[in-house]
Amino acid sequence: MTIQEAQEKIIEEFSLLDGDMEMSNVYLMELGQKLPDYPEDKRDEEHIVKGCQSKVWLNAKLDDGKVVYEADSNTAITKGLVSLLIRVFSDQTPEDILNADLYFAEKIGMNRFIGTQRSNGFGAMIKQMKLDAMVLQKVSN
Amino acid sequence: MSVDTASKSIDIKYIRDQFPVLDQLVNNKPLAYFDNAATTQKPKQVTDSIEHYYSRDNANIHRGIHTLAERATTAFESTREVVQKFINAPEKEEIIFTKGTTDSINLLASSYGRKFLSEGDEVIISAMEHHSNIVPWQLICEEKGAKLRIIPVNDKGEMDFEAYKSMLSDKVKIVSVVYASNSLGTINPVKQIIEEAHKFNAVVMIDGAQAASHLPLDVQELNCDFLAFSGHKMYGPTGVGILYGKRELLESMPPYQGGGEMISEVTFEKSSWNDIPYKFEAGTPNIADVVALKEAISFIDRVGKENIMRHEMELHDYAMEKLSKFENIKFYGTAAEKVGVISFLFDNIHPFDIGQMLDSAGVAVRTGHHCTQPLMDLFNIEGTVRASFAVYNTKEEVDAMIASLEKVVKIFG
């Protein structure tokens, strides 16, 4: 699945929720719960995403030329948000991640239901994921 | 008349009609505003008063010879008399207008503390104080070499009165405690606290921010030396607060801030101070909001504090009954004497998630440490979810909160 296809899938799923914020939050929490367990040895200061209100840990590794992300959060809705980004970015090449046009958040009206503070945190997660991709790109070259 | 005092029930529709802000959808759901301990909504008579003031009477107060200055001054000073009656203060000059409770306590700590605290003296506060009744005392104690001592709180969130008594000595110069806790809802036995402190000639400051809208505030009956509270937590405007102080104490205190209004004469060599209350009201005050504060008091008086309290506690008890049915819930603050505040946590759900989920259902609660970090440390938690009730809340709103919580709990079940 390409980055664009993953985004379209998310947009489609959220369109079924019809803008209902309560249902959207429930859905996010459920998505977060489905994330694989985060490696305990990566739960440290180094892996904390700076700029998030909640605690978010993010780890990126290279597998066969593609970036694999792992993440966790102390709050369930934020974990759901980061799980969306993992769906979009994980298993993609560093080049594709760095060149990606990320439009799904706006399409599903993310700002409307996460508020400005979490919106900034969401931006911080994207930035960190791209930074990690950049580092891994250099390693792989 | 809105209140049927005989049956002791309030006409909720009449009350809600006075708060236009309540009549709106938030995230497509009817707003249920349970963040009243942070700030209450304002009835129309308060907002009308602000609008009227700026539309008709606006002028700088005192010393103006023209008609508008006279009108503005009369409107401003009449609030002082209304506040005097509201707390049964002996004299209107004992009412000082401030920006809010925080400002009132800073004034007191800075002015009284600077003059009367010395090295080795002690100031007593409790473990359930708001940061605004901790930090000003920390600052002045540090400056004067005085010691800040803390009355312990038990698991229910009640003050340890025996421990308090044992802390009192001739070294204690100031006791500053909260009447009702903002994060737990505990009502403290302030009258007894004051009595005990006076045996050692310590002065007592009562933080009445969470009490003013629903608990009796009679400074003569309590015999408190100082009382601080805010307009915005009692259906009044933000940016206006009160510091009451006994005349002889206020007169003995040096000015807090310098500027216009607070002087009687200024030369470059030396200035002399105006009488109380003006000595403590430097600069142009928040005239419009002070004027409107009396409308908030008029609203409270008309509905009746007892009726407000009874209504809020009915909602508190109703919500407690429903919330208690959740398996993994834990309550913080289960004192015998409480105001309508419920602080809770679920074992496995972060308070941020609860707060956001409730918001998406139109329910406004507060999540976090509620500016009482030391108290949260005591319970070994980062914060709680807090629902706090006001006179305009309804059981239907409580039901909306419960329904949304059920959805969250199901996910984590």
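Fair warning: this is a prediction, and the values are worked out from it, not measured in the lab.

A separate point is the overall build of chain B. Helix and strand content of chain B: 14 helices and 19 strands. Its C-alpha atoms give chain B a radius of gyration of 22 Å, near enough to 22 Å, the size a compact globule of 413 residues would have. Over its C-alpha atoms, taken along the principal directions, chain B stretches across nearly 75 × 55 × 40 Å. Burial analysis of chain B (413 residues in total) assigns 58% to the buried set. Pairs at least 24 apart in sequence give 72% of the contacts found in chain B among residues at least 6 apart. Summed over all atoms, the accessible surface of chain B reaches about 17300 Å², with 50% contributed by carbon and sulfur. Across chain B, the 42 positively charged side chains and the 58 negatively charged ones have centroids separated by 1 Å.

Right, let's talk about the side chain of A:Ser24 for a bit. All names here are of chain A. When you line up the elements, Ser24 lands in helix 2 (residues 21-33). Under the relative-accessibility criterion, Ser24 is labelled buried at 3%. At 2.8 Å, the side chain of Ser24 and the backbone oxygen of Asp20 are in polar contact.

Right, let's get into the layout of surface pockets. Residues and elements named next belong to chain B. Here the second largest pocket defines a volume of roughly 280 Å³. Forming the boundary of the second largest pocket are 16 residues, of which Phe97, Thr98, Lys99, Asp103 and Ala282 lie nearest the centre. Taken together, the elements giving at least two residues each to the lining of the second largest pocket come down to strand 6 (95-98) and helix 4 (101-116). The residue makeup of the lining of the second largest pocket, split by class, is seven nonpolar, six polar and three charged.

Another aspect to go through is the pattern of salt bridges. Residues and elements named next belong to chain B. Summed over the entire model, instances satisfying the criterion amount to 31 salt bridges over all chains. Measuring nitrogen to oxygen at the nearest pair gives 3.0 Å for the salt bridge that ties Arg16 to Glu397. Placement of Arg16 in helix 1 (residues 12-17) and of Glu397 in helix 14 (residues 395-412) is noted, with a sequence separation of 381 residues between them. Of the residues examined, Glu397 reaches a relative accessible area of 7% and is grouped as buried. With a closest N to O distance of 3.5 Å, Arg386 and Asp35 form a salt bridge. Taken as a pair, Arg386 in strand 19 (residues 384-388) and Asp35 in the loop between strand 5 (32-33) and helix 2 (44-57) lie far apart in primary sequence, 351 residues in all.

Attention now goes to the side chain of A:Gln137. Residues and elements named next belong to chain A. Here Gln137 is to be found in helix 6 (residues 110-140). The class for Gln137 is buried, based on a relative accessible area of 18%. Those residues within four positions of Gln137 in sequence are excluded, and the remaining contacts are Pro94, Glu95 and Leu98.

Turning our attention to the sheet that holds strand 7 (residues 122-126) of chain B. Within a sheet, each strand pairs with its neighbour through backbone hydrogen bonds, oriented either parallel or antiparallel. All names here are of chain B. Sheet architecture is open: seven strands sit in the order 6-12-11-10-9-7-8, paired in mixed fashion. Edge positions in the sheet fall to strand 6 and strand 8 (147-151), since each has one partner strand and no second. Within this sheet the neighbouring strands show an average axis-to-axis angle of 20°, counted without direction. Against the sheet, helix 4 makes contact with strand 6, strand 9 (172-178), strand 10 (203-207), strand 11 (226-230) and strand 12 (241-245), and its axis sits at roughly 155° relative to strand 11, the strand it touches most.

Let us now look at the domain arrangement of chain B. All names here are of chain B. Domain boundaries assigned for chain B yield domain 1 (3-30 + 305-412) and domain 2 (47-301). Between domain 1 and domain 2, the residue contacts involve 31 residues of the former and 29 residues of the latter. Interface area for domain 1 against domain 2, summed over the two sides, is near 2400 Å², with a carbon-plus-sulfur share of 63%. For the domain 1 face of the interface with domain 2, the top three residues by lost area are Lys305, Val339 and Leu375, together amounting to 26%. Linking domain 1 with domain 2 are zero salt bridges, by the criterion used here. Across the domain 1-domain 2 interface, the total number found is 16 residue pairs in polar contact (both at pLDDT 80 or more). Counting residues per element, the ones that place at least two in the side of domain 1 that touches domain 2 are helix 11 (305-323), strand 16 (341-346) and helix 13 (373-378). Per-element accounting of the side of domain 1 that touches domain 2 gives the leading share, five residues, to helix 13.

All names here are of chain A. At a minimum axis distance of 7 Å, the contact between helix 1 (residues 3-15) and helix 3 (residues 76-89) shows a crossing angle of 145°. Judged by residue contacts, Ile3, Ala6, Gln7, Lys9, Ile10, Glu13 and Phe14 of helix 1 engage Leu84, Arg87, Val88 and Phe89 from helix 3. Split into classes, the residues belonging to the contact of helix 1 with helix 3 amount to seven nonpolar, one polar and three charged.

Residues and elements named next belong to chain B. What the four strands build is an open sheet, ordered 15-16-19-18; its pairing is antiparallel. In the strand order of this sheet, the two ends are held by strand 15 (329-332) and strand 18 (366-368), each with one partner. Here the strands of the sheet are splayed against their neighbours by 30° on average, with no regard to which way each runs. Pairing of strand 18 with strand 19 involves three bridges; the strand directions are antiparallel. By the bridge assignment for strand 19, Gly368 is matched with Thr384. Contacts between helix 11 and the sheet are confined to strand 15 and strand 16, with strand 16 contributing the most and set at about 15° to the helix.

On the chain A side, the residues contacting the 14 residues of chain B number 17 residues. Taken together, the links from chain B to chain A amount to three salt bridges. Mapped onto the side of chain B that touches chain A, the elements with two or more residues apiece are helix 12 (351-360) and helix 14 of chain B. The residue inventory of the side of chain B that touches chain A, partitioned by class, reads six nonpolar, five polar and three charged.

The rules behind each value
Residues numbered from 1 in each chain as written. Chains lettered and ligands numbered in written order. Predicted model: local features only at pLDDT ≥ 70, side-chain atom pairs only at ≥ 80, totals over all residues. Heavy atoms only, no water. Helix = DSSP H or I, 4+ residues; strand = E, 2+ residues; numbered from the N terminus. Rg over C-alpha atoms; globule rule 2.2 N^0.38 Å. Buried < 20%, exposed > 50% of the residue type's maximum accessible area, 1.4 Å probe, protein only. Contact = heavy atoms within 4.5 Å. Areas by Shrake-Rupley, 256 points an atom, 1.4 Å probe, with all protein chains shown as cover. Lys, Arg positive; Asp, Glu negative; His and termini not counted. Charge placed at Lys NZ, Arg CZ, Asp CG, Glu CD. Polar contact = N/O pair within 3.5 Å; in protein donor to acceptor, adjacent residues only side chain to side chain. 1 Å grid on protein atoms, 1.4 Å probe; cavity = no way out; pocket = protein on both sides within 12 Å on 5 of 7 lines; lining within 4 Å. Points joined across faces, edges and corners; volume = space filled by probe spheres on them. Nonpolar A, V, L, I, M, F, W, Y, C, P; charged D, E, K, R; others polar. Salt bridge = Lys/Arg side-chain N within 4 Å of Asp/Glu carboxyl O. Pairing = 2+ DSSP bridges. Axes fitted to C-alpha atoms, helices over the stretch in contact; angles between N-to-C directions. Domains from an automatic or database assignment. Buried area = accessible area lost by both parts, 1.4 Å probe.

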